Amino acid sequence: MSASNPFSSAFELQRTMIDQSRRAAETSIDVQRAAVETWFGSFESAKSVQKSGVTLSKTAIEAYLDGLKSVFPEEAIAELEAAVDEQFEAVDEIHEDAWQSFLEGLDEAEATYDEMTEMQLELLAQSFDALEEMQSDAAETTEEAVASAEELAESA
């Protein structure tokens, strides 16, 4: 645009605002993606904490059974210990199967989220590209109109 065009600075400001809006929208999506990835990643820690709770419960019951050995015959306690061990083995198996299934579901959900985010970024880019093209066309049309007006003013 020519220096004498009064609309030049307005169009430049508009281009700057479009660019900043694009970057802000992309940053917002990146922040959302990071938060979701952190959330998905937190479940491994939850699994570990839950497993530690089961282990703590087993240890407490084993300590209780050890205390009973001083009061009751060891053979009677041995049967109880075997039953407790069997139950905790079952709990460990169920725990592992449940978490495995849950984490597989999370992996699928995370993949779906990633696909949707990529689609969102593509649509965002297309929208801003179209906006920038419209703005460029408007600036060009305005420049042509101003140039024509200047020519008319000079010939008058």
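The numbering scheme is per chain: residues are counted from 1 as the chain's sequence reads. Per-residue local features are limited, in this predicted model, to residues with pLDDT of at least 70; the limit for side-chain atom pairs, both in listing and counting, is 80 or more; totals at the level of whole chains, interfaces and linings are taken over all residues. Side-chain numbers come from the whole structure's heavy atoms, not from hydrogens or water.

Caption draft 1: The overall build of the chain, seen in detail. In this text, helices come from DSSP runs of H or I with a minimum length of four residues, and strands from runs of E with a minimum of two, each type numbered from the N-terminal end. Counting its secondary structure elements, the chain contains two helices and zero strands. Radius of gyration here uses only the C-alpha atoms, and the compact-globule reference equals 2.2 Å multiplied by the residue count raised to the power 0.38. Taking 156 residues into account, the globule formula puts the C-alpha radius of gyration at 15 Å, and the chain, at 34 Å, lies well above it. By its C-alpha atoms, the chain is 120 × 25 × 10 Å across when sized along the principal axes. Look at the contacts in the chain between residues 6 or more apart in sequence, and 83% of them connect residues 24 or more apart. Accessibility throughout is a Shrake-Rupley quantity obtained with a 1.4 Å probe, and a residue counts as covered only by protein chains that appear here. Approximately 11,000 Å² of the chain is accessible, and the part contributed by carbon and sulfur atoms is 59%. His is not counted, nor are the chain ends, whereas Lys and Arg count as positive and Asp and Glu as negative. Where a charge sits is defined by one atom per residue type, namely NZ (Lys), CZ (Arg), CG (Asp) or CD (Glu). Taking the 8 positively charged and 37 negatively charged side chains of the chain as two groups, their mean positions are separated by 6 Å. Contacts are assigned to residue pairs with any non-hydrogen atoms lying within 4.5 Å of each other.

Caption draft 2: View of the packing of aromatic side chains. Put simply, two rings from Phe, Tyr or Trp (the six-membered ring, in Trp's case) pair if the centres are within 6.5 Å, and we call them stacked under 30 degrees between planes, edge-to-face over 60, tilted for the rest. All told, the structure shown has four aromatic pairs when counted by the stated rule. Geometrically, the ring pair formed by F43 and F102 is edge-to-face, given 5.1 Å between the ring centres and 75° between the ring planes. Placement of the pair is F43 in helix α1 (residues 8–68) and F102 in helix α2 (residues 74–155), with a sequence separation of 59 residues. When accessible area is computed with a 1.4 Å probe and restricted to protein chains, residues below 20% of their type maximum are described as buried, those above 50% as exposed, and intermediate ones as partly exposed. Judged by relative accessible area, which is 16%, F43 ranks as buried.

Caption draft 3: Representation of the environment of T141 within the structure. By the element assignment, T141 lies in helix α2. Look at T141 and you get exposed, because its relative accessible area is 51%.

Caption draft 4: How the structure looks around the pattern of salt bridges. Within this document, salt bridges are pairs made up of a side-chain nitrogen of Lys or Arg and a carboxyl oxygen of Asp or Glu, the two lying within 4 Å of each other. All told, the structure shown has nine salt bridges when counted by the stated rule. Linking E132 and R22 is a salt bridge whose minimum nitrogen-to-oxygen distance equals 3.3 Å. Residue E132 is found in helix α2, and its partner R22 is found in helix α1; the two are separated by 110 residues along the sequence. On the basis of relative accessibility, which here comes to 30%, the residue E132 falls in the partly exposed class.

Caption draft 5: A look at a negative patch on the surface. Taken together, the side chains of E133, D137, E140, E143 and E144 make up a negatively charged region of the molecular surface. Mapping E143 onto the fold places it in helix α2. Take E143: its relative accessible area is 31%, and that puts it in the partly exposed class. Patches in this entry comprise residues that are over 30% relatively accessible and not in a salt bridge; like charges within 9 Å are linked, as are nonpolar side chains (Val, Leu, Ile, Met, Phe, Trp, Tyr) within 5 Å.

Caption draft 6: Up close: the side chain of H95. By the secondary structure assignment, H95 is in helix α2. Apart from residues lying up to four places away in sequence, H95 is in contact with K47, Q50 and K51.

Caption draft 7: Structural context of the nonpolar core. Counting six residues, the largest nonpolar core is built from V54, L65, L68, I77, V84 and F88. Secondary-structure elements contributing two or more residues to this core are α1 and α2. Ignoring sequence-local partners within four residues, the contact set of V84 consists of I61 and L65. By size, the runner-up hydrophobic cluster in this structure holds five residues, among which are F40, W99, L103 and L106. To form a nonpolar core, buried Ala, Val, Leu, Ile, Met, Phe, Trp, Tyr and Cys residues must be joined to one another through side-chain atoms within 4.5 Å.

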